[in-house]
Amino acid sequence: MPGTTPRPAAQPDPRSPFVIDTHEYARRPGSMRTVHDTVPAPDLLGDKDGVAVVPPGSDVRLDLRLEAVVEGVLATGTARAAVVAECVRCLEPLDLEVEAEFQELYFFPGEDTGGDEDAVFLVNDLLDLEPVVHDAVVLALPPAPLCREDCLGLCPECGALLNEDPEHEHETVDPRWAALADLKDQEDSNSGTAPVAPPAQDHQE
Ligand SMILES: [Zn+2]
Ligand SMILES: [Zn+2]
């Protein structure tokens, strides 16, 4: 299912830039740390075929507050990253930034979580920010980005960029109308000021 991330109870990999060791302050309720760091996106953030994604390895800027509370460590923060996106109407590439706020309480092992099945835990005082950052960023990605609110999109006939050529149009769109237009053209030329031949000679048969 999209939007859900398994939260294994295995020990987080301490080498991951998303894993934070809270050993020094986790058991001292009231103490607080801030973290400001830029880390690489571990994998694609967003739908593989989506109109807005954060590619793997992109810089993810983390501004984070870690508070030791009675039940564990509360992480509150913001993740920012450049987004590779295209306008859903005209398909032009867009320069966007996603800003996602997140909060997660990492419980001490054995702590009563009040029946919360999605609860996450500290393992050896390590907490892993990756799942919560991943979900927050994916949720914050624009589902239908536009280069501008009134983007005119593409000409359905030829694919021309209508933003650059708002007057763009095609003479004949539908073959049924095209036939009528031909008749109209004939009438127009027959009633013109300089007919090729006198009208009487058009009725030989
Ligand atoms: Zn557009
Ligand atoms: Zn066109």
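Residues numbered from 1 in each chain as written. Chains lettered and ligands numbered in written order. Predicted model: local features only at pLDDT ≥ 70, side-chain atom pairs only at ≥ 80, totals over all residues.

1. Observations concerning the overall build of the chain
Thought 1: A count of helical and extended segments in the chain gives two helices and eight strands.
Thought 2: Taken from N to C terminus, the helices and strands of the chain fall in the order β-β-β-β-β-β-β-β-α-α.
Thought 3: For the chain, buried positions account for 20% of its 205 residues.
Thought 4: Summarising the internal contacts of the chain: among those between residues at least 6 apart in sequence, 60% fall at separations of at least 24. (Helix = DSSP H or I, 4+ residues; strand = E, 2+ residues; numbered from the N terminus. Buried ≥ 20, exposed ≤ 12 C-beta atoms within 10 Å, placed from the backbone. Contact = placed C-beta atoms within 7 Å.)

2. Comments concerning the environment of Phe107
Thought 1: One can find Phe107 in strand S6 (residues 93-107).
Thought 2: Judged by the 19 C-beta atoms lying within 10 Å of it, Phe107 is partly exposed.
Thought 3: Residue contacts for Phe107: discarding those within four places in its chain leaves Glu71, Gly72, Thr113, Ala119, Phe121 and Leu122.

3. As for the confidence of the model for the chain
Thought 1: Per-residue confidence for the chain gives a mean pLDDT of 87; residues scoring 70 or more make up 81%.
Thought 2: Element-level mean pLDDT values for the chain span from 68 in helix H2 (residues 175-190) up to 98 in strand S4 (residues 59-68). (pLDDT = per-residue confidence, 0-100.)

4. What to know about the nonpolar core
Thought 1: Within the largest apolar cluster, 31 residues are counted, with the highest numbers of intra-cluster contacts made by Val54, Ala79, Ala81, Val83, Val133 and Val137.
Thought 2: Elements with a contribution of two residues or more to this core: strand S3 (52-53), S4, strand S5 (72-86), S6 and helix H1 (130-140).
Thought 3: At six residues, the largest contribution of residues to this core is made by S5.
Thought 4: Among residues more than four places away in sequence, those in contact with Val133 are Phe18, Val60, Ala79 and Phe102. (Core = buried A, V, L, I, M, F, W, Y, C linked by C-beta atoms within 7 Å.)

5. Things to note about H1
For an α-helix, 3.6 residues make a turn, and residues three or four places apart therefore share a direction.
Thought 1: Where H1 is concerned, the buried positions are Glu130, Val132, Val133, His134, Ala136, Val137 and Val138.
Thought 2: Contacts from the buried residues of H1 go to S4, S5, S6 and strand S8 (126-128).

6. Comments concerning the environment of Ala160
Thought 1: Position of Ala160 among the secondary structure elements: in the loop between H1 and H2.
Thought 2: Residue class for Ala160 comes out partly exposed when judged on the 13 C-beta atoms lying within 10 Å of it.
Thought 3: Each C-alpha atom of the pair Ala160 and Cys90 lies 9.0 Å from the other, and the pair is 70 residues apart in sequence.
Thought 4: Those residues in contact with Ala160 that sit more than four places away from it in its chain are Leu154, Cys155, Asp165 and His168.

7. Comments concerning the pairing of strand S2 (residues 32-40)
Thought 1: A small share of S2 lies buried, amounting to zero of its nine residues.
Thought 2: When S2 meets S4, the two strands line up antiparallel, connected through nine bridges. If you follow Pro40 over to S4, its bridge partner there is Asp59. (Pairing = 2+ DSSP bridges.)

8. Side note on unusual backbone geometry
Thought 1: We note that Asn124 has phi near 55°; this positive angle belongs to a residue other than glycine.
Thought 2: Residue Asn124 is classed as exposed on the basis of its C-beta count, with 11 C-beta atoms lying within 10 Å.
Thought 3: For Asp125, which is not a glycine, the phi torsion comes out positive at approximately 65°.
Thought 4: Tracing the sequence through the fold places Asp125 in the loop between strand S7 (120-121) and S8.
Thought 5: For Asp125, a count of 18 C-beta atoms within 10 Å translates into the label partly exposed.

9. Quick word on the pairing of S5
When a strand is regular, its side chains alternate between the sheet's two faces.
Thought 1: Sheet topology note: the S3/S5 ladder contains two bridges and is antiparallel. Bridged to Ala52 within S5 is Ala85.
Thought 2: Where S4 lies against S5, nine bridges are found, and the strand directions are antiparallel. Directly across from Glu67, in S5, lies its bridge partner Leu74.
Thought 3: Here S4 folds back onto S5, and the loop between the two strands holds three residues.

10. Here's the deal with the environment of Asp135
Thought 1: Along the chain, the position of Asp135 falls in helix H1.
Thought 2: Judged by C-beta crowding, with 17 C-beta atoms within 10 Å, Asp135 ranks as partly exposed.
Thought 3: Put simply, Asp135 and Gly46 are 89 residues apart on the chain and 9.1 Å apart in space, counted from C-alpha to C-alpha.

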